[in-house]
Amino acid sequence: VRGEKLNESCFTALLKYLCKKEELSEAEKKALSLVLSDAIRRGLYFGFYRSIPSDLMIRYQLYDKYFVTYEGDEGKRLMIRANMSSGKTDCLDMVEMYPGIYVVQFILFFGDTLSYEIILKDNEDCLMKGELSCTDENSMDRESRYGLLNRMKSSFVYFEEKELIKA
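Residues numbered from 1 in each chain as written. Predicted model: local features only at pLDDT ≥ 70, side-chain atom pairs only at ≥ 80, totals over all residues. Heavy atoms only, no water.

Digging into helix α1 (residues 8–20)
Then, number 1: In this model α1 runs 18 Å from its N-terminal to its C-terminal C-alpha over 13 residues, within 8% of the 18 Å that 1.5 Å per residue would give.
Then, number 2: Of the surrounding secondary structure, the elements contacted by the buried residues of α1 are α2 (26–41) and β4 (95–98). (Helix = DSSP H or I, 4+ residues; strand = E, 2+ residues; numbered from the N terminus. Expected span 1.5 Å × (residues − 1). Contact = heavy atoms within 4.5 Å.)

Shown next as structure tokens:
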């Protein structure tokens, strides 16, 4: 906020601290907006972004993004094998955001589930398995295209024909 340059460690620590803090003052929210804007501009994405206030989530278009993060040895070539509940399977390279911190992002809609394995690219050894799911009811309240699509999908799943037609 004062315009002072932060080193990378302090920048990331501040970003994580502000993202995970339960209640932010107006000054802290302004600081979070500044560091988040800088991080996104530089292509830095982390799973803890899911904890930010909803107005910042909308401003920086993060409401539909989910992140898988892996912390391990630096300089490895990692891939993620992702299986969507729809049956689609993808193998994607993971980006090393910082030494030893690997991240990949996915866009999930309401009701989507993603099972994944993080593997070494060279020999396909499995390093980690996990699952993500989008069950955020609040994502349907937004008047964005994403919110409308989520409402439509939810209405379809729960056989709410009138709501589906309205959405």
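From this point, things continue past the structure.
Regarding the pattern of salt bridges
Then, number 1: Applying the stated rule across the entire model yields 11 salt bridges.
Then, number 2: The residue E28 makes a salt bridge to K21 at a minimum N-O spacing of 2.5 Å.
Then, number 3: The class of K21 is partly exposed, set by a relative accessible area of 27%.
Then, number 4: A salt bridge links K121 to D93; the nearest nitrogen and oxygen atoms lie 3.0 Å apart. You can see K121 sitting in the loop between β6 (113–120) and β7 (126–133) and its partner D93 sitting in strand β3 (residues 89–93), a full 28 residues away along the chain. (Salt bridge = Lys/Arg side-chain N within 4 Å of Asp/Glu carboxyl O. Buried < 20%, exposed > 50% of the residue type's maximum accessible area, 1.4 Å probe, protein only.)

Some words on the state of the cysteines
Then, number 1: Considering all chains together, one arrives at zero disulfides under this definition.
Then, number 2: Free of any disulfide, C19 has its nearest cysteine sulfur in C10, 16 Å distant.
Then, number 3: Here C19 falls in the buried class, since its relative accessible area comes to 0%. (Disulfide = S-S within 2.5 Å.)

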